[in-house]
Amino acid sequence: MALLKILGLFVLTALAEIIGCYLPWLWLKQGRSAWLLVPAALSLAAFVWLLTLHPQAAGRVYAAYGGVYISVALIWLWAVDAIRPTVTDWIGVGVCLLGMTIIMLGARQG
């Protein structure tokens, strides 16, 4: 159960980071309102706060978080940008998640 809780926290953290970066992108690349910077800043602040909730050392959390971030970014690509990920995208995600699992499970033994 703890692993599912950590995975859920990673997904929330990734969404906060992606939204915090996507909103300024909309402003800079698509000419949307500069007011998007306000929720972007709040989202990035939430991202940082969410990182502090992880039970492991910060460096390990950042390393493991990368695998989930990549996964969520590809889902974002599909859901928001309407670009379907390729087979090699999904293989890459699998490799990243395997690496994340090794990092997190290895931390329990060390």
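Read on for an overview of the structure.

## A closer look at the packing of helix 1 (residues 2–30) against helix 2 (residues 37–52)
Two numbers describe how helix 1 lies on helix 2: the axes approach to 8 Å, and their chain directions differ by 155°. On the basis of their axis angle, the class for helix 1 and helix 2 is roughly antiparallel. Crossing hand, helix 1 versus helix 2: left-handed. Contacts between helix 1 and helix 2 involve Leu9, Leu12, Thr13, Leu15, Ala16, Glu17, Ile19, Gly20, Cys21, Leu23, Pro24 and Trp27 from the first element and Leu37, Pro39, Ala40, Ser43, Leu44, Ala46, Phe47, Leu50 and Leu51 from the second.

## Some remarks on the packing of aromatic side chains
Under the definition given, this model contains six aromatic pairs. Considering the side-chain rings of Tyr22 and Trp76, the 5.1 Å spacing of their centres and the 75° angle between planes classify their relative orientation as edge-to-face. Of this pair, Tyr22 sits in helix 1 while Trp76 sits in helix 3 (residues 58–79), and the two are 54 residues apart along the sequence. Classification of Trp76 as buried rests on a relative accessible area of 17%. Every member of this aromatic cluster is reached through a ring pair, and the members are Phe10, Phe47, Tyr65 and Tyr69.

## Quick word on the environment of Leu7
One can find Leu7 in helix 1. Through-space distance from the C-alpha of Leu7 to that of Thr86 is 24 Å; in sequence the pair is 79 residues apart.

## So, the side chain of Ser71
Looking at where Ser71 falls in the secondary structure, it is placed in helix 3. Not counting the four nearest positions on each side in its chain, Ser71 is found in contact with Val93 and Leu97.

## Focus on the side chain of Thr13
Take Thr13: it is sitting in helix 1. Given a relative accessible area of 0%, Thr13 falls into the buried group. Excluding anything up to four places from it in sequence, Thr13 contacts Phe47, Leu50, Leu51, His54 and Tyr65.

## Description of helix 2
Between the first and last C-alpha of helix 2 there are 23 Å, a value that for 16 residues agrees with the 22 Å anticipated at 1.5 Å per step. Residues Ala40, Ser43, Phe47, Leu50 and Leu51 constitute the buried set of helix 2. Considered in projection along helix 2, the buried side chains sweep an arc of 100° and stay on one side of the axis. For helix 2, the exposed residues set more than 90 degrees away from the buried face come down to Leu42, Trp49 and Thr52.

## Focus: the nonpolar core
Counting 21 residues, the largest nonpolar core has Phe10, Met100 and Met104 as its most contacted members. Elements that contribute at least two residues to this core include exactly helix 1, helix 2, helix 3 and helix 4 (87–109). Examining the composition of this core, we find that nine residues originate from one element, helix 1, more than from any other.

## Quick word on unusual backbone geometry
Positive phi outside glycine occurs at Ala82, with the angle close to 60°. Structurally, Ala82 is set in the loop between helix 3 and helix 4.

Reading the values: the criteria
- Residues numbered from 1 in each chain as written.
- Predicted model: local features only at pLDDT ≥ 70, side-chain atom pairs only at ≥ 80, totals over all residues.
- Heavy atoms only, no water.
- Axes fitted to C-alpha atoms, helices over the stretch in contact; angles between N-to-C directions.
- Helix = DSSP H or I, 4+ residues; strand = E, 2+ residues; numbered from the N terminus.
- Parallel < 35°, antiparallel > 145°, perpendicular 65-115°, else oblique.
- Left-handed = near helix turned anticlockwise from the far one by under 90°.
- Contact = heavy atoms within 4.5 Å.
- Phe/Tyr/Trp six-rings, centres within 6.5 Å; stacked < 30°, edge-to-face > 60°.
- Buried < 20%, exposed > 50% of the residue type's maximum accessible area, 1.4 Å probe, protein only.
- Expected span 1.5 Å × (residues − 1).
- Arc of directions from axis to C-beta.
- Core = buried A, V, L, I, M, F, W, Y, C linked by side-chain atoms within 4.5 Å.

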